[in-house]
Every structure is written in structure tokens, then in C-alpha cells.
There are 2 protein chains.
Amino acid sequence: MSAQIEFYFDFISPYGYLGSLGIEEIAARCDARVDWRPMLLGVSVMRVMGLKPLGETPLKGPYAAHDFQRCFRLLGVPYVPADGTMAPLPAGRAFSWLKDRDDELAVRFAQRVYRAQWSEGRDLSSASALAELGRELDIDPDALVKALADPAVKARHRERVDESLARSVFGSPSFLVNGELFWGHDRLAQVERWVETGGW
Amino acid sequence: MSAQIEFYFDFISPYGYLGSLGIEEIAARCDARVDWRPMLLGVSVMRVMGLKPLGETPLKGPYAAHDFQRCFRLLGVPYVPADGTMAPLPAGRAFSWLKDRDDELAVRFAQRVYRAQWSEGRDLSSASALAELGRELDIDPDALVKALADPAVKARHRERVDESLARSVFGSPSFLVNGELFWGHDRLAQVERWVETGGW
């Protein structure tokens, strides 16, 4: 049986995007399966940990803004973020809704959202922008818009975010391999080693 | 002329210890010089950034406690921390005092402090413990104890900590190469690449 990697991500996180690219490469090399699972930095960092958002943290905020560009450049991934701060909740809910219907489609949707948000400068904070993007993957735009207003979809997404907290996930990206949690796209080499060797 | 790497560290930081080991290996490979410079997480994280200490941060604190052990194990470095929380200021001041007298000795002292604190379980929070350790390097214990009580030594160390903030250093370890700041021992590969190629 191939190894399974739980990949926790927030669409608001550029490092999450880089992590998503890296973990799929590792999965391909190691014949592992990636289970994409949403988390929310707004809940873990601000509500549970009681910290400021990264962008509003003195010293670390400006460092991260510079580091995003440097990391993207190193990996050859275009860094063209949308103006302003993304509201990641609608995209997360859309992902949760899709995941319960077609996990493979949900992953392709998430990959498309990440690329559009961070490499194509498209603001995906709204239901209509997400519906427009979903069209490219033959996702019914009306059904997506309707799902985003559905209290059951919101509750299901909240459940998933609670699940991420129950697994002690606090940052994006995070990776869970056989109960072992790794945080940060700069830990991908450790994740790969853990997948390959079963630990050290 | 060989490249210069400014290495910022706090003795309280196990990641700083791992960073110190890694950066000296890189310097040897790249024929670069490492300039060891003190910083204080208590000032940058708590006072300037307004965050909690790592150990007291929900989710991230327990994660880090586990991650320290995992990272040390991976690198084959014994992880035997002293009981309780280290008070890093005396060791930092002792380093600053030595640095103004004999930079090479200051580095050997810092390396010895790091190893004793994180691999040998020796609490180096006090002047007497530092004096005892300094003996191994032929540092006059009475002179060291006297220096630690000297307002001029305290002021000089504060100056260095202020310098680290002026360079936007907030975490331990941090590395500054040609004006480019890198934070975290997990960024050593990027630091080495920057030293070798002059950037990307």
C-alpha cells in the first residue's frame, strides 16, 4: 500500500502554494497519495494561538513579503499576487463542497485557485470569481455559488477546520505522515525522507 | 576576498545551535567567513513584534518541543537540554565582552555554550556556570564574572542587540549575506546557494 500524506493548506498562504507544488512532486517520486485538507490561519494563528496575522507582524511581516518573492523565484514559479488581502473562506468552502463530491476534482480546483491567486494576480475572495474559475474545470457555476451560501456547506467546512486543529495543525503548509507533523514548505526534504524511511 | 556571512543567534534557541553548526560547514565549503552576532528573541519577538515566547504559544510550542528533538536526531546532534528555561542574557553579554577582545575566542566560547546548554544539559543562566565553562577555554573566570556585572559591558551588548534589530533580524538563527536576510536553520541550503551564486 502506498504511503499517505495529509497536506494541510490555507489558500491565503503563498507558502501553502509552494508546499502544494512540492508535495505533489514528492508523492510522485515516492508513490505516495496526498490527501488535501483545508485549515484556516485566521482560526489557528489568531484565535487559538493569539498571534497577529503575518502581514501585520513587525519585522516578520516585511521579511515574509520579501521572502515570498525570493522563494517563488528560486522555484521558478511566477509570483503575481492579487492586490489586497485574500478572503480565503469562500475558496476553502468551495473546496470542502467539492471534496465531498469528487476528491480528485477538488484537488484540481485547489491547484487552480492557488495558481490564479498567487501566480496570475486574480482575486478569488468572492463567490463569483470562484464560479468563473470553476468553469475552466467544468464545475457548474450556479451550483458552486449556491453551495457557498448553504449553511450545511459552511458547517462541513468548519468541521474540517476543527479537524485540522484536533491534529494540532497551526501553519500552512503542514504535512502529516504516519502521525508525524511537519510545518513549512522548507521542511519538504524532511517530509520526503520520513515518507521514504518511515522516520529517523 | 572571501564572502562574509553575518550569523545572528540567541543562546536560548536550539535552532540557533543547529544553525551555528550548519553555517560553519557552509563557510568551510564556500571559503566564507562567519561573523557571529548576538540577538535576543526576548527583545525582537516579545517587545518589538508583540508575540508570546515560542514555548508559551499554543500548538506551536508543543510542535517546536517535538521538532527540536526530531531535527537534532536527523543531524546526529545530541539533544540534552538543561532543565527549565535558559536565561540567555549573561551568556550573550559574556560573548559580547569576548568579541571586543578576541573574536576567534568569542566564537569558540559561543560554540561551547551552545553545546553545553543543548547537548550536555548544563544550565548556563548564571555567571558562575559561565565562568566554570570559560575555564575550559582558558578564560579568566574572575574577569568574566566581573565583566558580567560591568554596566559598560551590558551597554555594549544592548548596542549589539539594537544593531540586530536595525538589520531587521527577528529570529534565531538568522543569516545576512550581502544585505540578504534569511531566517531559520531550515534555510541553510538557500544561504549556501546565495553565498555561492550571489543571488537568484
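See the structure shown above.
Everything quoted here is computed from the prediction, not taken from an experiment. (Residues numbered from 1 in each chain as written. Chains lettered and ligands numbered in written order. Predicted model: local features only at pLDDT ≥ 70, side-chain atom pairs only at ≥ 80, totals over all residues. Heavy atoms only, no water.)

Novice: Go over the sheet that holds strand β2 (residues 33-38) of chain B with me, naming the residues and quoting the values.
Specialist: Residues and elements named next belong to chain B. Strand order across the open sheet formed by four strands is β2-β1-β3-β4, with mixed pairing between neighbours. The open sheet has two edge strands with one neighbour each: β2 and β4 (180-183). Neighbour-to-neighbour, the strand axes of this sheet turn through a mean angle of 25°, independent of strand direction. Bridge analysis of strand β1 (residues 4-9) against β2 gives six bridges, and the strand direction is parallel. The partner of tyrosine 8 across the bridge, within β2, is arginine 37. Where helix α4 (residues 89-99) meets the sheet, it contacts β1 and β2, and its direction lies at approximately 130° from that of β2. Relative to strand β3 (residues 174-177), helix α9 (residues 188-197) is tilted by about 10°, and along the sheet it contacts β1, β3 and β4. (Pairing = 2+ DSSP bridges. Helix = DSSP H or I, 4+ residues; strand = E, 2+ residues; numbered from the N terminus. Axes fitted to C-alpha atoms, helices over the stretch in contact; angles between N-to-C directions. Contact = heavy atoms within 4.5 Å.)

Novice: Which residues make up the sheet that holds strand β4 (residues 180-183) of chain A, and what are the values?
Specialist: Residue and element names in this part refer to chain A. The strand order across the open sheet formed by four strands is β2-β1-β3-β4, and the pairing between neighbours is mixed. The two strands at the open ends of the sheet, each matched to only one other strand, are β2 (33-38) and β4. Along the sheet, successive strands turn relative to each other by an average axial angle of 25°, direction set aside. When strand β1 (residues 4-9) meets strand β3 (residues 174-177), the two strands line up antiparallel, connected through four bridges. When the bridges of β3 are listed, tyrosine 8 appears paired with serine 174. The strands that helix α5 (residues 103-119) touches are β1 and β2; relative to β2, the one it contacts most, it runs at about 65°. Strands in contact with helix α9 (residues 188-197) are β1, β3 and β4; relative to β3, the strand with the most contacts, it is inclined by about 10°.

Novice: For the interface of chain A and chain B, give the residues involved together with the corresponding values.
Specialist: In this complex, chain A contributes 32 residues to the contact, which on the side of chain B involves 32 residues. Two residues, arginine 187 of chain A and aspartate 67 of chain B, come together in a salt bridge whose shortest N-O distance is 2.8 Å. Where chain A meets chain B, there are 18 residue pairs in polar contact (both at pLDDT 80 or more). Of all the secondary structure elements, the ones that give two or more residues to the side of chain A that touches chain B are α3 (60-75), β4 and α9 of chain A. Partitioning the side of chain A that touches chain B into residue classes produces 17 nonpolar, six polar and nine charged. (Salt bridge = Lys/Arg side-chain N within 4 Å of Asp/Glu carboxyl O. Polar contact = N/O pair within 3.5 Å; in protein donor to acceptor, adjacent residues only side chain to side chain. Nonpolar A, V, L, I, M, F, W, Y, C, P; charged D, E, K, R; others polar.)

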